[in-house]
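# Observations on the model geometry
One letter stands for each residue in the lines below.
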Amino acid sequence: MSKSVGAQYLANPWPNSPLLVVSVLSLMVAVDAGAQTASVTLEEWKPTTSFSGPRTSHGTLLVRNRLYVLGGLSFINNNLTIYSDVQLAALGNDGQITAPGWERAEPFDIGRSGLGVAASKDVVYVVGGYTLQGTLGDVQYARIDVDGRLGKWTSSPNKLNVARSNHRLEVVTTQSGERYLMAIGGVDQVGQDTVHFDHIEVAPVADDGSVGAWKLCPYHFKGGRSAPGTAIVQGQLYIIGGWG
């Protein structure tokens, strides 16, 4: 039986009403570094311009002052939609989305939900995800133009060793300057079983943005899980919560 890992969840109290939304909220954060112990104050959430198409299990990125929404799925009135679109919007100094709002960028190949997304040196990466035809292990990448739009997507010949969805994708830079993509956790159907992974795959990233061969790390984190929160801080990888 699946359970939440280090997290709380709330079941939909209105099963006949979709909870998928297109709204975007912004929040101003004030940091008082002058105090003896630095404190963070969160102000009130404020609505800003909505994107197109309600969805869940999508990817989001912030690159410079632009937000990106990639892929995901919606299930409304028994109609399932799996997206391959990319939408982008610029942020103003007040945290609000500026005119003209959300714009369409170049879509990637094969709509999917639970995709891993990351960006490094003006290149966006999409790795894996779920489709109606099964779980994917492919890698696609596109360069970000000066106006924030994306160039043509390129499919890498190097795929994950283990196809997965609802994983997390991070970029880590070593002390010597080498960059690697990390695919962390995730889930897939293996035979009759739903397996939540407890391993990590890594692949080198070249200066031109291309991705090398993936390798499974020789260690496992504690508790296989999908949809975890992840962060890399000062060379340390943090894996937070998830579903396992």
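Cut-offs applied
Residues numbered from 1 in each chain as written. Predicted model: local features only at pLDDT ≥ 70, side-chain atom pairs only at ≥ 80, totals over all residues. Heavy atoms only, no water. Helix = DSSP H or I, 4+ residues; strand = E, 2+ residues; numbered from the N terminus. Contact = heavy atoms within 4.5 Å. Areas by Shrake-Rupley, 256 points an atom, 1.4 Å probe, with all protein chains shown as cover. 1 Å grid on protein atoms, 1.4 Å probe; cavity = no way out; pocket = protein on both sides within 12 Å on 5 of 7 lines; lining within 4 Å. Points joined across faces, edges and corners; volume = space filled by probe spheres on them. Nonpolar A, V, L, I, M, F, W, Y, C, P; charged D, E, K, R; others polar. Buried < 20%, exposed > 50% of the residue type's maximum accessible area, 1.4 Å probe, protein only. Pairing = 2+ DSSP bridges. Polar contact = N/O pair within 3.5 Å; in protein donor to acceptor, adjacent residues only side chain to side chain.

## Some words on the overall build of the protein chain
The helix and strand tally for the protein chain stands at 0 helices and 20 strands. Considering only contacts in the protein chain between residues 6 or more positions apart, those separated by 24 or more positions represent 48%. Accessible surface for the protein chain amounts to roughly 13900 Å². Of this, 52% is attributable to carbon and sulfur atoms.

## Side note on the layout of surface pockets
Estimates place the volume of the second largest pocket at around 380 Å³. Taken together, 21 residues line the second largest pocket, and the ones lying closest to its centre are T60, L61, V117, R168 and L169. Elements with a contribution of two residues or more to the lining of the second largest pocket: β5 (59-63), β9 (116-120) and β13 (168-173). Per element, the largest residue contribution to the lining of the second largest pocket is 5 residues, and it comes from β5. Residues of the lining of the second largest pocket, tallied by class, amount to 10 nonpolar, 9 polar and 2 charged.

## Considering the environment of L73
Considering the arrangement of structural elements, one finds L73 in strand β6 (residues 66-76). Accessibility expressed as a relative area gives 18% for L73, which makes it buried. A sequence separation of 19 residues divides L73 from P54, and the C-alpha atoms of the two residues are 8.1 Å apart.

## Here we look at the pairing of β9
The buried count for β9 comes to 4 of 5 residues, which makes it a mostly enclosed element. Bridge count between β9 and strand β10 (residues 123-131): 5 bridges; the pairing is antiparallel. Note that in β10 the partner of V117 across the bridge is V126.

## As for the pairing of strand β15 (residues 187-190)
Direction of pairing for β15 relative to strand β16 (residues 193-196): antiparallel, over a ladder of 4 bridges. The partner of V190 across the bridge, within β16, is D193. Counted between consecutive antiparallel strands, the loop separating β15 from β16 contains 2 residues, among which G191 sits at a positive phi close to 65°.

## Topic: the side chain of R55
Looking at the secondary structure, you find R55 in the loop between β4 (46-48) and β5. Engagement of the side chain of R55 in a polar contact is seen with the backbone oxygen of G71, the distance being 2.9 Å.

## Examining the sheet that holds β10
The strand order β9-β10-β11-β12 describes an open sheet built from 4 strands, whose pairing is antiparallel. Of all the strands in the sheet, just β9 and β12 (154-155) have a single pairing partner and so form its edges.

## A word on unusual backbone geometry
The linkage connecting A99 with the following residue, P100, adopts the cis geometry, with an omega of 10°. Tracing the backbone through its elements, the reader meets P100 in the loop between β7 (79-90) and β8 (103-105). Non-glycine residue K121 carries a positive phi angle of around 50°. Along the polypeptide, K121 turns up in the loop between β9 and β10. When its relative accessible area of 59% is taken as the criterion, K121 is described as exposed. Its identity is not glycine, yet A227 carries a phi of approximately 50°, on the positive side. Along the chain, the position of A227 falls in the loop between β18 (215-216) and β19 (229-233). Relative accessible area serves as the criterion here: at 37%, A227 is assigned to the partly exposed category.

## Overview of the side chain of H196
Topologically, H196 is positioned in strand β16. At 3.2 Å, the side chain of H196 forms a polar contact with the side chain of S226. Looking at H196, its side chain comes within polar contact range of the main-chain oxygen of W243, at 3.0 Å.

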